[in-house]
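# Topology and contacts: notes
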Amino acid sequence: MKEKTFHLVSLGCAKNTVDSNTMAGILTQSGYRFVSNPRQAEVMIVNTCGFIKPARDEALAALRELSRLKKNGQYLLAAGCMAERFGPQIAAACPKVDGVLGTLHIPEILSLIHQIQNRNPQRENAVRELPALSHQFALQGASAYLKIADGCSRRCAFCSIPLIKGNWKSRPAEDILQDAAMLQEMGIRELILIAQDTTAYAQDRGEKDALPGLIEAILKTAPAIPWLRILYAFPGFVSDRLIDLMAASSTVQPYLDIPLQHAHPAVLKRMQRPDDIGWVRETIAKMREKIPGIAIRSTFIAGFPGETEAEFNALYDFLEEIKFDRVGVFPYYLEEGTSSAAYGDTVPEAVKTERVDRLMRRQQEISHEINRAFIGKTLDVLIEGEQDGLMVGRSYRDAPEIDGLVFVDGAAAVGEIVPVRINSALEYDLIGKLVEK
Ligand code: SF4
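Residues numbered from 1 in each chain as written. Predicted model: local features only at pLDDT ≥ 70, side-chain atom pairs only at ≥ 80, totals over all residues. Heavy atoms only, no water.

## So, the side chain of Gln196
For Gln196, the location among the structural elements is in the loop between β10 (190-194) and α7 (211-221). Under the relative-accessibility criterion, Gln196 is labelled buried at 17%. Here the side chain of Gln196 touches Asp150 through a polar contact of 3.4 Å, side chain to side chain. The contacts of Gln196, once residues within four sequence positions are left out, are Lys15, Ala149, Asp150, Gly151, Cys152, Ile161, Lys165 and Tyr232. (Helix = DSSP H or I, 4+ residues; strand = E, 2+ residues; numbered from the N terminus. Buried < 20%, exposed > 50% of the residue type's maximum accessible area, 1.4 Å probe, protein only. Polar contact = N/O pair within 3.5 Å; in protein donor to acceptor, adjacent residues only side chain to side chain. Contact = heavy atoms within 4.5 Å.)

Here it is, written out as C-alpha cells:
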C-alpha cells in the first residue's frame, strides 16, 4: 500500500497554528507522515486565515500555488477561518480544491479526507477513523502555545472573528491541565496561554474572573515549566486578582498583551469597545506599581470610519503618554457583515497609511528609548537558536513572532534560560553577553 503523506501550510495567528497542530496530530496518529515537499504529499492542506482581506489574499495565493503543483492522485484541502466563512468563494477561485474544512470543524479532518476518497473509488488507502485528539497546543521551539478558549461573544464593530468562530467556547480546565502536564513532560520551557480573549476564560460557563484560578492550577500541575505568558487580555477585565498573581509568581512573566484598538472615547464607542480610558490609565499604573518592569503590549487601528484628525491625535498623544513597550498598528479594513461596515470606509487609504506610519515612527523611538534603559542590566533569556555567530533568544519582554529578540555573545544550548548582560540596544532588539556562572 502506498505511504500516506500530507503537507500543511499554516497561515495566520498562533490560534491557527494550534489548529494546524491538531490536524497534524490527527493525521500522524492515523498513519500519515508530514512531508515538506508538497509534490510528495497525497493530501495538501492550507490552514487559512480569514480575518481581513490581505490575509484572505495570502490564503488564495497559497491555494493557487498548490493548485498549480497538484497532480492526479493528490488532494487539496482549504481549512481554517477563511474556509469557515468563505468556502463557496474559495471553491470558485480555486476549482482544484477538493474539500473545505471550516475552523469549527478542524477535528473532522479525517472524515473529510474519507469523504473525498469515497468520491474516488480508485483509492486504495481509505483512512481509518480515530477519535479526534483533544490536545490544543502548538510547539514553537522550546515554547508552546496553549489554547484555553476559542470564539468570541463580544461584538467589536470592526471584527469578523465572531462571524467566523462563533461565541466563546472555553476548554474544560481538565483538558488544559492535561495538555500542560504533557508539555511539561516534553520539556517545554515556556507556556503561552492564548484565546481570542484570555480574560473571558470560562465566562461562557457563567464563571467570572476565572483566568487567575486556571493559571494557579496550571502552575501546580506543571511546576517544572519555568515561564508562563498571557496573551490577549481585554480592557476592563484585567482584575486585581490577576495583577496580584502576576506580581507574586516568578513563573508568570511580567508581560501583558492588552489590545486597546484606540484611545479616543468617541472612536471606542463607535467601535463598540469599552470607552473608559480612565480605567486603562489606572490599570496600567497599578500594574506598573505592583509588577515593576512589566512589559505591556497593545495593538491599535488607525483610520476607523469617521476618525478625525483630532481623534487620531488623541491616540498619538496616548501612545506618547503611556509609552507601551510594544505596539502594533493596523489600518482599518472594512469587513462585510461587521457592524462598522454600515459606516462605510470613510478615511482615505493614503490618510490611513500616513497615520499608521506616524504612530509606528513615534513608537519606534519610544521602543528604542525603553530598550536603551536596559543597557547595563541583566535579563534572563530563553535561547532559541543561533544567527550570525551569536545565540538568539527572547526575554520576558518578548512574545514569539511579534516582539523583539535578544542577541547573545556566548555559548548556550537551545531551550536554556540564561542570564545576559545587555550592552547595546536597537529599536526593537537587544544585544548582550552571557553572564558566566
Ligand atoms: S474581543 Fe473584539 S476584537 Fe477581539 S475577537 Fe472579540 S470581537 Fe474581535
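## Structural notes on the pattern of salt bridges
A full pass over the atoms with the stated rule returns 32 salt bridges. Taking the shortest distance from any N to any O, the salt bridge between Lys323 and Glu320 comes out at 3.7 Å. We classify Lys323 as partly exposed; its relative accessible area is 25%. (Salt bridge = Lys/Arg side-chain N within 4 Å of Asp/Glu carboxyl O.)

## Things to note about the environment of Ala200
The topology assignment puts Ala200 in the loop between β10 and α7. Considering only alpha carbons, one finds Ala200 and Ser170, 30 residues apart in sequence, at a separation of 8.6 Å.

## Section: the site of the ligand
For the ligand, the full set of nearby residues is Cys152, Arg154, Cys156, Phe158, Cys159, Ile161, Pro162, Gln196, Phe234 and Arg273. Put simply, the ligand lies in the largest pocket. Along the lines of polarity and charge, the residues of the shell around the ligand split into 7 nonpolar, 1 polar and 2 charged. (Near = heavy atom within 4 Å. 1 Å grid on protein atoms, 1.4 Å probe; cavity = no way out; pocket = protein on both sides within 12 Å on 5 of 7 lines; lining within 4 Å. Sits in = over half its atoms within 2 Å of the grid points. Nonpolar A, V, L, I, M, F, W, Y, C, P; charged D, E, K, R; others polar.)

## Description of helix α2 (residues 53-69)
Given 3.6 residues per turn, any residue in an α-helix points the same way as the ones three and four places further on. In this model, α2 (17 residues) spans 25 Å end to end at C-alpha, consistent with the 24 Å of a helix rising 1.5 Å per residue. Of the residues making up α2, those classed as buried are Ala55, Arg56, Ala59, Leu60, Ala62, Leu63, Leu66, Ser67 and Leu69. Summarising the contacts, the buried residues of α2 are in contact with β1 (5-10), β3 (43-48), β4 (75-80) and α3 (81-93). (Expected span 1.5 Å × (residues − 1).)

## Some thoughts on the domain arrangement of the protein chain
Each assigned domain of the protein chain is listed with its residue range as follows: domain 1 (5-118), domain 2 (137-372) and domain 3 (378-434). The centre of domain 2, based on its C-alpha atoms, is set 24 Å off from the matching centre of domain 3. Summing the contributions of domain 2 and of domain 3, the shared interface buries around 2,100 Å²; its carbon and sulfur component is 49%. Taken together, domain 2 and domain 3 are joined by 4 salt bridges. Among the salt bridges present, the one from Glu190 reaches Arg394, with a minimum N-O distance of 2.6 Å. Run the count over domain 2 and domain 3 and you get 20 residue pairs in polar contact (both at pLDDT 80 or more). Only β7 (143-147), β10, β11 (227-230), β12 (252-257), β13 (295-302) and α12 (349-372) provide two or more residues apiece to the side of domain 2 that touches domain 3. At 7 residues, α12 tops the list of elements feeding residues into the side of domain 2 that touches domain 3. For the side of domain 2 that touches domain 3, the class distribution of residues is 11 nonpolar, 8 polar and 8 charged. (Domains from an automatic or database assignment. Buried area = accessible area lost by both parts, 1.4 Å probe.)

## Looking at the packing of aromatic side chains
A complete count under the given rule lists 6 aromatic pairs for this structure. Geometrically, the ring pair formed by Phe234 and Phe237 is tilted, given 6.1 Å between the ring centres and 50° between the ring planes. What makes Phe234 buried here is its relative accessible area of 9%. Owing to a relative accessible area of 33%, Phe237 belongs among the partly exposed residues under this scheme. Judged by centre distance (5.7 Å) and plane angle (65°), the ring pair of Phe300 and Phe324 falls under edge-to-face. With Phe300 in strand β13 and Phe324 in the loop between α11 (309-322) and β14 (326-331), the pair connects residues that are 24 residues apart, well separated along the chain. Aromatic rings pair up to connect Phe300, Phe318 and Phe324 into one cluster. A cation over a ring is seen here: Arg154 above Phe234, with NZ or CZ 3.9 Å from the ring centre. (Phe/Tyr/Trp six-rings, centres within 6.5 Å; stacked < 30°, edge-to-face > 60°. Lys NZ or Arg CZ within 6 Å of the ring centre and 35° of its normal.)

## A short note on the sheet that holds strand β18 (residues 417-425)
With mixed pairing, the 5 strands of this closed barrel are ordered in space as β15-β16-β17-β19-β18. Taken pair by pair, the neighbouring strands of this sheet meet at an average axis angle of 55°, ignoring direction. Examined bridge by bridge, strand β16 (residues 390-394) and strand β17 (residues 406-409) share 3 bridges and lie antiparallel to one another. The residue bridging Val392 from the neighbouring strand is Phe407, located in β17. (Pairing = 2+ DSSP bridges. Axes fitted to C-alpha atoms, helices over the stretch in contact; angles between N-to-C directions.)

## Here we look at unusual backbone geometry
You will see that Tyr232, though not glycine, has its phi angle at about 60°, which is positive. Judged by its relative accessible area of 18%, Tyr232 falls in the buried class.

## What about the sheet that holds β3?
Spatially, β2-β1-β3-β4-β5 is the arrangement adopted by the 5 strands of the open sheet, whose pairing is parallel. Bordering the open sheet on either side are β2 (33-34) and β5 (99-102), each of which pairs with just one other strand. Direction of pairing for β4 relative to β5: parallel, over a ladder of 4 bridges. Looking across to β5, one finds that Ala79 is bridged to Leu101. Against the sheet, α2 touches β1, β3 and β4, its axis set at about 170° to β3.

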